Amino acid sequence: MRKLEERLLRFPEELLIEAAREAAADAISHRDYHVGAVVLAENPDTGQICAFPGANWKPVSHGLKYCAEGDAISKALKAGYSRILLIVVAADQQPDDESRVVAPTAHPCGGCRRNLRGIPGIERVLFVTVRRDSDVVERFTFNELWERHNGNSH
Ligand SMILES: [Zn+2]
């Protein structure tokens, strides 16, 4: 099996960002907030790496909601790609609903941050968040994301 770094070369960041922006077109949002995500994950049995797109889904103002990154992650896990490597999220900028942090790009929400925390190896996963229609990009690790929004609380 070739080295992970070599296998990742097939997935340049610009390509993943473009795919995440495209995935946002599939969003169903009652308040017209469209988020797209792409999760890059490895199948630990085959060593194969695949990119999974996702979009947010919340058709009514109450009840269930699915975030784009959660949508993409569940697709990856269902397909047997259980080792998450990279998560790209494309959205319009908005303050975080929970922490009220105003970042240059939209970050995974409070619910997603808590779900992500349960994923084994999350500290290795890199996050790339971009705006949908400008070149503003942020890159961070899960620990940086958590600290920024949740401080030192556990
Ligand atoms: Zn979320």
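Each remark here, short or long, concerns the structure printed above.
Reading the values: rules and limits
- Residues numbered from 1 in each chain as written.
- Predicted model: local features only at pLDDT ≥ 70, side-chain atom pairs only at ≥ 80, totals over all residues.
- Helix = DSSP H or I, 4+ residues; strand = E, 2+ residues; numbered from the N terminus.
- Rg over C-alpha atoms; globule rule 2.2 N^0.38 Å.
- Buried ≥ 20, exposed ≤ 12 C-beta atoms within 10 Å, placed from the backbone.
- Pairing = 2+ DSSP bridges.
- Core = buried A, V, L, I, M, F, W, Y, C linked by C-beta atoms within 7 Å.
- Contact = placed C-beta atoms within 7 Å.
- Axes fitted to C-alpha atoms, helices over the stretch in contact; angles between N-to-C directions.

**Concerning the overall build of the chain**
Move 1: Broken down by element type, the chain carries five helices and seven strands.
Move 2: Order of helices (α) and strands (β) in the chain, N terminus to C terminus: α-α-β-β-β-β-α-β-α-β-β-α.
Move 3: On C-alpha atoms alone, the chain measures out to a radius of gyration of 15 Å, which is about the 15 Å that the 2.2 N^0.38 rule sets for 154 residues.
Move 4: In terms of overall dimensions, the chain has a C-alpha envelope of 45 × 35 × 30 Å along the principal axes.

**Overview of unusual backbone geometry**
Move 1: The backbone of aspartate 32 shows a phi angle near 60°, a positive value even though the residue is not glycine.
Move 2: Residue aspartate 32 is classed as exposed on the basis of its 7 C-beta neighbours within 10 Å.

**Observations concerning the pairing of strand 5 (residues 83-91)**
Move 1: Here strand 5 lies mainly inside the structure; eight of its nine residues are buried.
Move 2: Judged from the seven bridges that link them, strand 2 (residues 36-42) and strand 5 form a sheet pairing that is antiparallel. Bridged to glutamate 42 within strand 5 is arginine 83.
Move 3: Bridging between strand 5 and strand 6 (residues 126-131) involves six bridges; their strand directions are parallel.

**Focus: the nonpolar core**
Move 1: Membership of the largest hydrophobic core comes to 38 residues, with the highest contact counts inside it found for Ala20, Val35, Ala37, Val38, Val39, Val88 and Val89.
Move 2: At the level of secondary structure, the elements contributing two or more residues to this core comprise helix 2 (13-23), strand 2, strand 3 (49-55), helix 3 (68-78), strand 5, strand 6 and helix 5 (142-150).
Move 3: Top contributing element to this core by residue count: strand 5, with eight residues.
Move 4: Not counting chain neighbours up to four residues away, the residues in contact with valine 39 comprise Phe52, Gly54, Glu69, Ala72, Ile73, Ala76, Ile84 and Ile87.

**Things to note about the sheet that holds strand 2**
Move 1: An order of 3-2-5-6-7 is seen for the five strands of this open sheet, with the pairing classed as mixed. Edge strands, defined here as strands with exactly one partner in the open sheet, are strand 3 and strand 7 (137-141). Neighbour-to-neighbour, the strand axes of the sheet open up by a mean angle of 15°, direction not taken into account.
Move 2: Against the sheet, helix 2 makes contact with strand 2, strand 3, strand 5 and strand 6, and its axis sits at roughly 130° relative to strand 2, the strand it touches most.
Move 3: Strand contacts of helix 5: strand 6 and strand 7, with the helix running at about 100° to strand 7, the strand carrying the most contacts.

**With respect to the environment of serine 99**
Move 1: Position of serine 99 relative to the elements: it lies in the loop between strand 5 and helix 4 (110-117).
Move 2: For serine 99, a count of 16 C-beta atoms within 10 Å translates into the label partly exposed.
Move 3: Placed 52 residues apart in sequence, serine 99 and glycine 151 show a C-alpha to C-alpha distance of 9.6 Å.
Move 4: Here serine 99 is in contact with Gly110, His149 and Asn150, once residues within four sequence places are set aside.

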